[in-house]
Amino acid sequence: MKHSKCYSRLLTLLLFGGSVLTANATPWDNLSSTQLEQQLVEKFAEGNYSPKGADNCLTCHRKNETVMDIFDGVHGQGNNSQSPMAGLQCEACHGPQGQHNRGGKEPMIAFGKDSKLSAPTQNTVCQGCHNDPEQMAWHTSTHNLEEIACSDCHTIHAATDPALDKLSVNDTCTSCHTQEKADMNKRSSHPMKWDQMTCIDCHAPHGSMSENALVKPTVNDTCYSCHAEKRGPFLWEHAPVTESCVSCHNPHGSVNDNMLDSRAPQLCQQCHAPDGHASRVVPEPGMDAFGGGKSCLNCHNQIHGSNHPAGSLLQR
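Residues numbered from 1 in each chain as written. Predicted model: local features only at pLDDT ≥ 70, side-chain atom pairs only at ≥ 80, totals over all residues. Heavy atoms only, no water.

Trainee: Which residues make up the overall build of the protein, and what are the values?
Mentor: In terms of regular secondary structure, the protein is built from 12 helices and 0 strands. For the protein, the α and β elements follow one another from N to C terminus as α-α-α-α-α-α-α-α-α-α-α-α. In the protein, buried positions account for 34% of the 316 residues. In the protein, the proportion of contacts linking residues at least 24 apart, taken out of those at least 6 apart, comes to 55%. Here the protein displays about 19,000 Å² of accessible surface, and carbon together with sulfur accounts for 55% of that area. (Helix = DSSP H or I, 4+ residues; strand = E, 2+ residues; numbered from the N terminus. Buried < 20%, exposed > 50% of the residue type's maximum accessible area, 1.4 Å probe, protein only. Contact = heavy atoms within 4.5 Å. Areas by Shrake-Rupley, 256 points an atom, 1.4 Å probe, with all protein chains shown as cover.)

In structure tokens:
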């Protein structure tokens with residue numbers, strides 16, 4: 001039933017997502033994207049599946065190592081009722097074979113960067129089975145709106161999908177998110193470059209109801225899941241802290257200590273305008289407490305909040 005839902009969803013998308021043209025009997029790899037989708041619509045309507053399943057496909061494709069790697073992963077497990085190989089096998093994802101194996105003039109659904117099918121069309125095939133709550137926010141996610149295909153991140157014909165492996169998922173994300181890759185390799189960062197922490201610890205790549213696809217409702221809730229000692233509530237609170245941790249910190253990494261956006265006192269003076277000693281943005285001759293060491297934090301060291309009765313200035 002899951003596979004039949006997949007086909008109907010793809011058929012609907014193809015019928016209403018592009019104009020219907022008369023396809024000529026040309027080799028399918030020379031068809032335009034619109035002509036290719038039209039032929040696939042016709043193939044799905046005919047539903048001419050091979051009675052031999054994968055055995056028929058492997059007559060030609062068994063010498064391709066990438067194709068054969070499907071049997072090393074979960075999608076190639078015939079004893080798993082949720083696996084495509086337990087149902088229509090190769091045709092569960094690539095569509096009905098029809099006359100594809102007789103002269104190569106009938107197209108199959110292809111995935112990846114070389115596919116002529118649009119990313120939404122490719123993704124419809126995957127979503128025919130993968131429609132659990134983890135994908136509930138996919139349609140409004142940045143990845144979907146930017147037309148990122150599932151196969152751009154996931155590798156199906158493999159024993160282990162790099163996007164699902166904690167030792168390689170960061171490489172998958174940073175292959176596109178290059179600025180974050182640069183930040184995570186700066187002197188002060190979370191332990192992501194050693195794979196002790198992953199992008200998906202904080203972000204939901206399939207989308208979420210939060211800003212920046214965070215796994216928690218807010219930035220602070222995401223940070224507090226590890227930094228619980230900063231949660232509070234405090235008797236004396238620091239307004240930027242309660243608003244958002246990223247007011248002062250770059251969570252992906254920084255050249256400054258503690259992943260701060262800039263050093264104190266410059267960081268502090270973005271909010272605290274010149275008011276006496278706080279206006280000294282550079283050290284006095286001889287290096288005094290206003291510019292040396294931790295600067296403002298030499299005295300105001302409870303910067304995340306204080307529960308001391310005399311801690312109104314975050315000094316105790």
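Trainee: Can you explain the pattern of salt bridges? Please cite residues and give values.
Mentor: When the charged atoms of two side chains with opposite charge come close together, those side chains can pair. Using the criterion set out here, one finds 4 salt bridges in the structure. A salt bridge links D183 to K186, with the nearest nitrogen and oxygen atoms 2.8 Å apart. With relative accessibility at 28%, the residue K186 sits in the partly exposed group. Across the pair E229 and K230 runs a salt bridge, and its minimum N-O distance is 2.7 Å. (Salt bridge = Lys/Arg side-chain N within 4 Å of Asp/Glu carboxyl O.)

Trainee: Quick one: what's the story with unusual backbone geometry, residue by residue and with numbers?
Mentor: A cis amide bond links G232 to the next residue, P233, at an omega of 5 degrees. Across the junction of A264 and P265, the peptide omega takes the value 10 degrees, indicating a cis bond. Examined against the element boundaries, P265 turns out to sit in the segment after α12 (239–243). Despite not being glycine, Q89 has its phi angle at roughly 55 degrees, a positive value. With respect to the secondary-structure elements, Q89 resides in the loop between α4 (65–68) and α5 (90–94). Its relative accessible area of 23% is what places Q89 among the partly exposed residues.

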